[in-house]
Amino acid sequence: MKASTYFLIITLFFFGCSTQPKVLFDSLPNTYLMESDFESLPNFTDEKYTEILENFKNNCRSKKAKKLYKNLCEKVESIDNEKSFLTDFFTPYLITTKEDKREGLLTGYYEPELSASLKRHDKYQHPLYETPKDLIVVDLSSIYPALKNYRLRGKVVNNRLIPYDTRAQSKKKPVNAEVICYCDSEIDKFFLEIQGSGRVRLDNNSTIYVGYDNQNGHRYRAIGRYLVKIGVLTLKEVSLQSIRKWLINNPKRVDEVLNYNKSLVYFKQRKQAATGALGLELTPKRSVAVDRRYIPLGSMLYLQSNIYNKKINKIVFAQDTGGAIKGSVRADLFLGTGTDALAVAGKLKSELKLWILLPKNKKEKNK
């Protein structure tokens, strides 16, 4: 998915200061934005502007951010006043929906740590796979432009493209893929898939980093919903911690529950810690995962929400995606590594307001 900056500038020029929700990205026809201003952003004056600009510079290392912000990625290198850089060159737009729904959901994720071995032995029995050699990804956007945000995944059998193996099927027969390592817990490996990247402590006392590379093409289904459906948890009880505890206490039903999610994620080794879809190392409490069908990867956002009843208002960067992140007013906040990050991420479910910060056009700057 690539945002058309040319279309964006032309649209801003004609719509001017309209307060009605508008579609400003031709490549994101379901993303509705309402022009705002920095005075409307809650507690914007309390932000750490130097930290923001350092993160903006890092964000500009990605091609998607450079395309969206163009000259601003160059201009930021010679800025003296960090706050005025934001207020002089950006306009905030409240992200909404066609029905003008302005509140969504904020959740959290973290970088898990797993124990594994490069060889299968003893307790190390659960393979973490690279992308299978026979997995085919089909992009139909050149023929059907309406499908530009979708990919078909499968494999060829008897000259026919069929769906790739589900999670359950992949356990019953060999997978045509290299094994990165063998984990000591199927449950930990599953939650690594949910988080998208992590660090692996090997039994030879070394550490490797792994990150999302591909998936089998089946739609993600939340196992928390399944546990609610079968009556072992209530919706209010569902969290990463409660799901994990139930799985550990019910080892004979682990496969049943995990296989409810037919989606299976494949990984590759990384040279750095938690890395998002842009290929950038994620920054705790500054990086978010979004739904790329609604929010351009590489964009700078402002969020309003709360964590443990404490309000948060801050600038973040759309640097990652996730199978469970769906919708326009939706974000998953990266909280870092370790038990403290896990404790918050596993239970975070808060109402959310989101603004996207886009370049001002010349007409606006000359007012």
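Residues numbered from 1 in each chain as written. Predicted model: local features only at pLDDT ≥ 70, side-chain atom pairs only at ≥ 80, totals over all residues. Heavy atoms only, no water.

(A) Representation of the overall build of the chain in the model. From N to C terminus, the chain includes 12 helices and 18 strands. The globule rule puts the C-alpha radius of gyration for 367 residues at 21 Å, and the 22 Å found for the chain is close to it. The principal-axis extents of the C-alpha atoms in the chain amount to approximately 70 × 50 × 40 Å. A total of 367 residues make up the chain; the buried ones form 50% of that total. Considering only contacts in the chain between residues 6 or more positions apart, those separated by 24 or more positions represent 75%. A total of about 18900 Å² of accessible surface is found on the chain, and carbon and sulfur atoms cover 48% of it. Counting 61 positive and 40 negative side-chain charges, the chain places the centres of these two groups 5 Å from one another. (Helix = DSSP H or I, 4+ residues; strand = E, 2+ residues; numbered from the N terminus. Rg over C-alpha atoms; globule rule 2.2 N^0.38 Å. Buried < 20%, exposed > 50% of the residue type's maximum accessible area, 1.4 Å probe, protein only. Contact = heavy atoms within 4.5 Å. Areas by Shrake-Rupley, 256 points an atom, 1.4 Å probe, with all protein chains shown as cover. Lys, Arg positive; Asp, Glu negative; His and termini not counted. Charge placed at Lys NZ, Arg CZ, Asp CG, Glu CD.)

(B) Representation of the sheet that holds strand 9 (residues 160–163) within the structure. Reading across from one edge, 7-8-9 is the order of the 3 strands in this open sheet, with antiparallel pairing throughout. Either end of the sheet is taken by a strand with one partner, and the two such strands are strand 7 (136–138) and strand 9. Taking each pair of neighbouring strands and ignoring which way they run, the sheet shows an average axis angle of 55°. Inspection of the sheet shows strand 7 paired to strand 8 (residues 152–157) by 3 bridges, in the antiparallel sense. What sits directly across from I136, in strand 8, is G154. (Pairing = 2+ DSSP bridges. Axes fitted to C-alpha atoms, helices over the stretch in contact; angles between N-to-C directions.)

(C) Region of the structure containing the confidence of the model for the chain. The predicted model of the chain averages 89 in pLDDT, with 93% of residues at 70 or higher. Taken together, the stretch residues 1–18 has pLDDT below 50 and engages in 44 contacts with residues farther than four places along the chain or on a different chain. In this model, residues 362–367 is a region of pLDDT below 50 whose contacts with residues beyond four sequence positions or in other chains number 8 contacts. (pLDDT = per-residue confidence, 0-100.)

(D) Geometry of the packing of aromatic side chains. Inspection of the entire model under this criterion finds 13 aromatic pairs. On the basis of an interplanar angle of 65° and a centroid distance of 5.8 Å, the ring pair of F56 and F85 is categorised as edge-to-face. Here F56 is found in helix 2 (residues 49–59), whereas its partner F85 is found in helix 5 (residues 82–89), with 29 residues between them in sequence. Both residues of the pair, F56 and F85, count as buried. What links up through ring pairs into an aromatic cluster is the set F38, F44, Y49, Y302 and W355. The ring of Y164 carries the charged tip of K155 above its face, separated from the ring centre by 5.4 Å. Its end group placed over the ring of Y260, R221 keeps NZ or CZ at 4.0 Å from the ring centre. (Phe/Tyr/Trp six-rings, centres within 6.5 Å; stacked < 30°, edge-to-face > 60°. Lys NZ or Arg CZ within 6 Å of the ring centre and 35° of its normal.)

(E) Broad picture of the nonpolar core. Within the largest apolar cluster, 74 residues are counted, with the highest numbers of intra-cluster contacts made by F56, L86, F90, L247, M300 and L301. The contacts of L86, once residues within four sequence positions are left out, are F38, F44, Y49, I52, L53, M300 and I315. Grouped together as the second largest cluster of nonpolar side chains are 13 residues, L192, V200, L202 and F267 included. (Core = buried A, V, L, I, M, F, W, Y, C linked by side-chain atoms within 4.5 Å.)

(F) Quick look at the sheet that holds strand 11 (residues 197–202). Overall, mixed pairing links the 6 strands, which are arranged 6-10-5-11-12-13 in an open sheet. The open sheet has two free edges, formed respectively by strand 6 (126–129) and strand 13 (265–270), since each of these has just one partner strand. Shown here is a sheet whose adjacent strand axes are inclined to one another by a mean of 45°, direction ignored. Alignment of strand 5 (residues 113–117) against strand 11, held across 4 bridges, turns out to be parallel.

(G) Representation of the state of the cysteines within the structure. All chains considered together, the criterion is met by 1 disulfide. Cysteine C181 remains unbridged, with the sulfur of C183 as its closest cysteine sulfur at 4.5 Å. Given the relative accessible area of 0%, C181 is considered buried. (Disulfide = S-S within 2.5 Å.)

(H) Representation of unusual backbone geometry within the structure. One non-glycine residue, D100, lies in the positive phi region at around 65°. A positive phi is found at N158, a non-glycine position, where the angle reads about 55°.

(I) Spotlight on the pairing of strand 18 (residues 349–359). Counting buried positions along strand 18 yields 8 of 11 residues, so the element is predominantly enclosed. By the bridge criterion, 5 bridges tie strand 3 (residues 90–96) to strand 18 in an arrangement that is antiparallel. Bridging across to strand 18, T91 finds its partner in L358. Across 4 bridges, the pairing between strand 4 (residues 104–111) and strand 18 is antiparallel. Each residue of the ladder has a partner; that of L106, found in strand 18, is S350. Examined bridge by bridge, strand 15 (residues 300–307) and strand 18 share 5 bridges and lie antiparallel to one another.

(J) Seen up close, the pattern of salt bridges. Applying the stated criterion to the full structure yields 17 salt bridges. Across the salt bridge formed by E47 and R286, the nearest N and O atoms sit 3.0 Å from each other. Placement of the pair is E47 in the loop between strand 2 (32–35) and helix 2 and R286 in the loop between strand 13 and strand 14 (287–289), with a sequence separation of 239 residues. Across the pair, R286 and E47 agree in class, each one buried. A network of salt bridges, in which partner residues are shared, links E47, E51 and R286. (Salt bridge = Lys/Arg side-chain N within 4 Å of Asp/Glu carboxyl O.)

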